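These are the residues of each chain, in order.
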Amino acid sequence: MKTLVLGASPNPDRYAYKAVISLSAHGYDVVPVGIKKGSINGFEIINGFPILSDIDTVTLYLNAKNQQYWYDYIIGLHPRRIIFNPGAENTELEHLAKNNGIQTINACTLVMLSIGTFEKQEISDQEQKSKL
């Protein structure tokens, strides 16, 4: 499963940095994308809107205001799901994603990885509708 970490930062104190390392350590193909140049444990942070395919998951580390710039890009990737990490919750993007057949989850990628639910995390249609 290829996972795009949006909001990637070369700062080791940031959760996006830790997510890239943890995803890689758990065997996931990870693509860090952000506005800052640098690298994370050997992964170069990609700036701009890279043309990517086969993105299963977009995990967000941007607040709702900063996500607006990325809406078209995120939806255009056609991921299976978007994970809104704590502080990244955004009902507007959730609605947009749902209207495009993309599952949304408000959860912490690091916690999901640590307890073994990252791959298994699914939300039924009924649970998804109750969030909207």
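Whatever comes next refers back to the structure up there.
Here the residue numbers are simple positions, counted from 1 along each chain's written sequence. At least 70 in pLDDT is required for a residue's local features to be given in this predicted model, at least 80 for side-chain atom pairs to be given and counted, and no such filter applies to totals for whole chains, interfaces and linings, which use all residues. As a convention, hydrogens and water are excluded, and side-chain values are obtained from all of the structure's heavy atoms.

Caption draft 1: Representation of helix 1 (residues 15–25) in the model. A simple rule labels every residue: compare its accessible area, found with a 1.4 Å probe on the protein chains alone, to the largest value its type can have, and call it buried under 20%, exposed over 50%, or partly exposed in between. Runs of E in the DSSP output that reach at least two residues are strands. Runs of H or I that reach at least four are helices, and both are numbered from the N terminus. Taken together, the buried positions of helix 1 are Ala16, Tyr17, Ala19, Val20, Ser22 and Leu23. The contact criterion used throughout is that any non-hydrogen atoms of two residues lie within 4.5 Å. Structurally, helix 1 contributes buried residues whose contacts are with strand 1 (2–6), strand 2 (29–33), strand 3 (39–40), strand 4 (43–44) and helix 5 (109–115).

Caption draft 2: The arrangement of the packing of aromatic side chains in detail. Only centres within 6.5 Å qualify two rings of Phe, Tyr or Trp (six-membered ring in Trp) as a pair; their planes then separate them into stacked at under 30 degrees, edge-to-face at over 60, and tilted for everything else. Evaluation of the coordinates by the stated rule reveals six aromatic pairs. Relative to Trp70, the ring of Tyr69 has its centre 5.4 Å away and its plane inclined at 90°; by these criteria the two rings are edge-to-face. Since its relative accessible area comes to 59%, Tyr69 is described here as exposed. Note on Trp70: relative accessible area 4%, which makes it buried. With a centroid separation of 6.0 Å and an interplanar angle of 65°, the aromatic rings of Trp70 and Tyr73 are classed as edge-to-face. Of the two residues examined, Trp70 and Tyr73, each falls in the buried class. The rings of Phe49, Tyr69, Trp70 and Tyr73 are connected pair by pair, giving a single aromatic cluster. Taking NZ or CZ as reference, Arg81 lies 4.5 Å from the ring centre of Phe118, over its face. Distance and angle both matter: a charge sits over a ring if NZ of Lys or CZ of Arg is within 6 Å of the ring centre and within 35 degrees of the ring normal.

Caption draft 3: Spatial organisation of the sheet that holds strand 7 (residues 103–106). A pair of strands is considered paired only if DSSP assigns at least 2 bridges between the two. Spatial strand order, 2-1-5-6-7: five strands in an open sheet with parallel pairing. What marks the edges here is a single partner per strand, and that holds for strand 2 and strand 7. Across the sheet, the mean angle from the axis of one strand to that of its neighbour is 20°, orientation sign disregarded. Here strand 1 pairs with strand 5 (residues 55–60) via five bridges, running parallel. Across the sheet, Leu4 pairs through a bridge with Val58, a residue of strand 5. Note on geometry: axes are C-alpha line fits, over the in-contact stretch for helices, and angles between N-to-C directions span 0 to 180 degrees.

Honestly, it's all geometry; don't read function into it.
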